[in-house]
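As a plain string of letters, each chain reads:
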Amino acid sequence: MALSSSCGSDALLAILSHSRSEACNRVLLRDLANRELNAFLWFSLIGVTAFLLSRVVKLLCLWAKARSIPGPPCPSFYGHCKLISRENFTEVLSDLHKKYGSVVKLWLGPTKLLVSIKDPTLIKEMLLKAADKLPLTGRAFHLPFGRSSLFASPFEKAQKGREALFTELIGKFPERENVVCTKVVDCILERIRNFMAKGSADSKMVSQHMAFTMLGATLFGDEFLAWSKATVYEELFMMIAKDACLWSSYNVTPFWKHGFWKYQSLCTKLKCLTQDIIRQCKKNYMLFGHMDHNLHGETEILGKEIASDGPSCSEVVIVDALFFQELNGHLNATEEEPCGNLMRIMFHGCLTTARLINNILVSLGMHPQIQDKIYSEITMARNGSIKKDQLNVDKMLLLLATVYESARLVSAGSLLQRCSLKHDLNLKSGVTIPAGAGLVVPIQLVQMDDCSWGSDDNEFNPYRFLSKPGKGSDIMLNKSVSGAAENIVNPGQSSFSLNDPNANTAFLPFGYGLRACIGEKFVLNGVATLFASLLEHYEIKLQGAAEGNPKPNNCVFEHLSSSQIVFVKRNS
């Protein structure tokens, strides 16, 4: 009895001891969990505090470095955001530069610093040192065109692709720099004959088609000229360009809007058409090389042969090796980025080239005396040419000067944008621009500054790019087209020479520095060749009054000025 009672007591004590042990363990575990949670919260608090303090320190450093840059005081914590929304931001910058000097700062927000530079010497120094773009720059292109390594914000990511594209467009075709494929010229002249049947034509539409045809044939080859969907492709580009700024202005993608889905369907169709022409070019590119089992190696060898000892320009398929090197053998795997590169090149190239062509058309229509002198140049070059199917535009000094002057008056955009993402910019003038600040160059102000271009800076005067050597230095014939310069310049005389437009630091229609347009020489000589062929057969006349020089617009998709033009067939 006593034994059983003792056993029961021991069992009860064991149970109680086990219960106490479990309770202690639970308390210990709970205390450990609380400590770990507290430690995690403390580390998180310290991390967040350190991050916020680093941002505050960075912000204070930005404010401190920006104090030395002249500019208007901020009206509020949000800065001068309302100035950006004004219709003509270039005029705002013009007033600020007159008041504060060649370098002006604008706070667009507590962390958003915009610096505008007008002095040509400082501009070129800045463009040589700053090769980056702000991360959000080009947001309007992401939806319609997709990814593109050629337009990446950090310059290091875009450098290799830009160098390869430059080699393909210019480096491998030195003997054809000033020649546009004869099939391209024939295609454009045929389209002009169709315009003539309707009487007059819209200069904006003509220039757009000329630019689109020239660039499309350059990137895709002769297949583009015979492509049945080329017209639809061009229309889609223009429709998408018209609405791109609208949809990119939303901070949140507007999925709830019906117009957005319609726009997205157009973008999808544009990508499909781009992939379609790429496949056709890839197929013909391979067939031209007599493809065999070693398909990839054959196409690479063919590209080298075409670049060195290929046939005449009218027979060459000028294809960007940068894209086709990625596409050969694995199109479906990597077609997204090459398509994005191609579409962006097509869009940017067409936009800028169309503006240049449009201004030349209108300017020549307004100055028939210059047009007659260019025709005389063309006739002399044709009579002195060994190959009757080619025109050497290098001898047409007034024609080239006309192209340069048109590029000066109507630049690709109103603002040239750059950024230095990693390092501060220390300019020779003593101004330090903080890293991450947005840098803009008001191109229209620089290229129409009387200090750089004379009293007729707002006038169309191609003679400013012609000079008479032999007096120690070239003498710029910076006179009005109706004045003495026109009377003394005879483009056929060898005593006059063409000035290098880039010798003037204020000539920036194609940018400058590491991010400068890699197709500058191609575009200038290509457009000159097109107009040499055009003016040889037709005379350009305006129907009604033409608009003056278009004012710059903040939107990158700036509409071209439009005039009704008539092409009159020449008798000889």
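Thresholds, definitions, all that
- Residues numbered from 1 in each chain as written.
- Predicted model: local features only at pLDDT ≥ 70, side-chain atom pairs only at ≥ 80, totals over all residues.
- Heavy atoms only, no water.
- Helix = DSSP H or I, 4+ residues; strand = E, 2+ residues; numbered from the N terminus.
- Expected span 1.5 Å × (residues − 1).
- Buried < 20%, exposed > 50% of the residue type's maximum accessible area, 1.4 Å probe, protein only.
- Arc of directions from axis to C-beta.
- Contact = heavy atoms within 4.5 Å.
- Pairing = 2+ DSSP bridges.
- Axes fitted to C-alpha atoms, helices over the stretch in contact; angles between N-to-C directions.
- Parallel < 35°, antiparallel > 145°, perpendicular 65-115°, else oblique.
- Left-handed = near helix turned anticlockwise from the far one by under 90°.
- Nonpolar A, V, L, I, M, F, W, Y, C, P; charged D, E, K, R; others polar.
- Polar contact = N/O pair within 3.5 Å; in protein donor to acceptor, adjacent residues only side chain to side chain.
- pLDDT = per-residue confidence, 0-100.
- Core = buried A, V, L, I, M, F, W, Y, C linked by side-chain atoms within 4.5 Å.

As recorded in an unreviewed UniProt entry, the chain goes by Alpha-humulene 10-hydroxylase-like isoform X1 and comes from Prunus mume.

Caption draft 1: Main features of helix α7 (residues 182–197). Taking 1.5 Å as the rise per residue, α7 with 16 residues should run 22 Å; its terminal C-alpha atoms sit 23 Å apart, in good agreement. Restricting attention to buried positions, one finds in α7 the residues Val184, Val185, Ile188, Leu189, Ile192 and Phe195. Projected down its long axis, α7 carries its buried residues within an arc of 125 degrees, all on one side. Where α7 is buried, its residues touch β3 (201–202), α8 (203–220), α9 (222–226), α21 (520–537), β10 (538–542) and β11 (564–569). Just downstream of α7, Gly199 is the residue with a positive phi angle, here 100 degrees.

Caption draft 2: Just the sheet that holds β11, in detail. Strand order across the open sheet formed by three strands is β3-β11-β10, with antiparallel pairing between neighbours. With one partner strand each, in any of the chains shown, β3 and β10 form the two edges of the open sheet. Sheet contacts for α7: β3, β10 and β11; angle to β10, the most-contacted strand, approximately 50 degrees.

Caption draft 3: Layout of the packing of α7 against α8. Contact geometry for α7 and α8: axes closest at 10 Å, N-to-C directions at 160 degrees. Compared by their axis directions, α7 and α8 come out roughly antiparallel. The handedness of the crossing between α7 and α8 is right-handed. Every residue of α8 that contacts α7 at Val184, Cys187, Ile188, Arg191 and Phe195 is listed here: Val206, His209, Met210, Thr213, Met214 and Ala217. Looking at the contact of α7 with α8 residue by residue, the classes come out as eight nonpolar, two polar and one charged.

Caption draft 4: Structural detail: the side chain of Ser406. As for its position among the elements, Ser406 is in helix α17 (residues 397–409). Within the local environment of Ser406, its side chain forms a polar contact with the backbone oxygen of Thr402, the two atoms lying 2.9 Å apart. Each residue touching Ser406, except ones within four places of it in the same chain, is listed here: Leu356, Asn359, Ile360 and Phe460.

Caption draft 5: Region of interest: the environment of Met239. Relative to the helices and strands, Met239 is located in helix α10 (residues 230–248). Taking relative accessible area as the criterion, Met239 reaches 43% and is therefore assigned partly exposed. Taking the C-alpha atoms as reference points, Met239 and Tyr263, 24 residues apart in sequence, are found 9.0 Å from one another.

Caption draft 6: Quick look at the confidence of the model for the chain. Chain-level pLDDT for the chain is 75 on average; 73% of the residues reach the 70-or-more range. Across the chain, the element-wise mean pLDDT spans from 35 in helix α12 (residues 295–309) up to 92 in α17. This model gives residues 174–178 a pLDDT under 50, and the stretch forms 14 contacts once residues within four places in sequence are excluded. In the predicted structure, residues 546–560 sits below a pLDDT of 50 and forms 46 contacts with residues beyond four places in sequence or in another chain.

Caption draft 7: Focus on the nonpolar core. Ranked by size, the top nonpolar core spans 82 residues in total, and within it Ile117, Met126, Leu361, Ile433, Phe531, Leu534 and Phe567 carry the most contacts. Here this core takes 10 residues from α21, the largest share from any one element. Every residue in contact with Leu361, bar those within four places of it in the chain, is listed here: Ser203, Val206, Ser207, Phe531, Leu534, Ile540, Ile565 and Phe567.

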